[in-house]
Amino acid sequence: MDPTDLKTRALALRAAGNTPKQIARALGVPRARATALVRGVPVAKPKRPEPADLPLVGCWITRQWSNGLTIADRPADWLDDAELPPLAMGAGLASVAVARENDTNGITVGGFLVDTYCLGAKNALRENLVDREDLMFYLDEFFGGYDTEPLAAPISLAREVVFGAVDYARGLGFDPHPDFRLAAPYLGSWQPPGRITFGREGKPFFQQGPYDDPDRVMRTLDRTIGPGDYHFSVVATE
């Protein structure tokens, strides 16, 4: 083969992402020769797709997610329990999971724990890679803290609950969990205003969790919206 043609073919193979070893095999030349032909030429790395562009496998949300919320022009597929007793388990604290195909023939799952009444994204799980056959086991564990099975949800609902609650909480002075920015791309984009009015019946309601600092939370609420303009439930201390 003409040396010029050989180099041209070697460079084309390198541009396609081949290693010197693969180039040597394709051209039938020693590896050292292939290395010399492409020395200094960086390998082209395929662009990683945006998380929201990966095929959607499904979304799930805990029951009672809509308890205490006001929803304008509610889509027919935004389902929840028919009965929504005040402060039932899951009211004001929704878990959301979104699963997408990944480029390794597995599933990538992102997860969110969302306080829809006050604090927004309290926790976020990013890029959990699971085998396809293990997805349902993963979801069973993810939603294991609830008494009832989650509901399958459209991606539009998952986005609205997560991004809308975060937007609401930021207005009250609370930032989302640090991992939120890494998990959020799996939901795609969302533009306010949304259909949901957050807060319990439209008013902030702080329910103290095991890792919350109630003094800090209520100082923040006093500063951002004023004393008496929110409700709270905290653990009594001796």
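This text gives an overview of the structure that appears in the document.

Rules behind the numbers
- Residues numbered from 1 in each chain as written.
- Predicted model: local features only at pLDDT ≥ 70, side-chain atom pairs only at ≥ 80, totals over all residues.
- Heavy atoms only, no water.
- 1 Å grid on protein atoms, 1.4 Å probe; cavity = no way out; pocket = protein on both sides within 12 Å on 5 of 7 lines; lining within 4 Å.
- Points joined across faces, edges and corners; volume = space filled by probe spheres on them.
- Helix = DSSP H or I, 4+ residues; strand = E, 2+ residues; numbered from the N terminus.
- Nonpolar A, V, L, I, M, F, W, Y, C, P; charged D, E, K, R; others polar.
- Polar contact = N/O pair within 3.5 Å; in protein donor to acceptor, adjacent residues only side chain to side chain.
- Buried < 20%, exposed > 50% of the residue type's maximum accessible area, 1.4 Å probe, protein only.
- Contact = heavy atoms within 4.5 Å.
- Phe/Tyr/Trp six-rings, centres within 6.5 Å; stacked < 30°, edge-to-face > 60°.

### Points about the layout of surface pockets
- Empty space within the largest pocket amounts to approximately 260 Å³.
- What lines the largest pocket is simply G92, L93, L113, D115, K122, N123, Q207, Q208, G209, P210, Y211 and D212.
- Sorting the residues of the lining of the largest pocket by element identifies β4 (107-115) and β5 (120-130) as the ones contributing at least two each.
- Its residues assigned to classes, the lining of the largest pocket comprises four nonpolar, five polar and three charged.
- By volume, the second largest pocket is sized at about 200 Å³.
- Lining the second largest pocket, in full, are L119, A121, K122, G173, F174, D175, P176, H177, Y211, D212, D213 and R216.
- Taken together, the residues of the lining of the second largest pocket break down into five nonpolar, two polar and five charged.

### Describing the side chain of T62
- Of note, T62 is situated in the loop between β1 (56-61) and β2 (70-71).
- A polar atom in the side chain of T62 sits 3.0 Å from the backbone nitrogen of S95.

### Topic: the side chain of T220
- Structurally, T220 can be placed in helix α7 (residues 214-224).
- The class for T220 is buried, based on a relative accessible area of 7%.
- Contacts of T220, omitting those with residues within four sequence positions, involve L172, G173 and F174.

### Brief notes about the packing of aromatic side chains
- Here the structure, examined in full by the defined rule, presents eight aromatic pairs.
- Judged by centre distance (6.1 Å) and plane angle (65°), the rings of F112 and F180 are edge-to-face. With F112 in strand β4 and F180 in helix α6 (residues 180-183), this pair connects stretches of sequence that are 68 residues apart. Accessibility assignment for this pair places F112 and F180 in one class, buried.
- Between Y230 and F232, the aromatic rings sit 6.2 Å apart at their centres with planes inclined by 50°, giving tilted as the arrangement.

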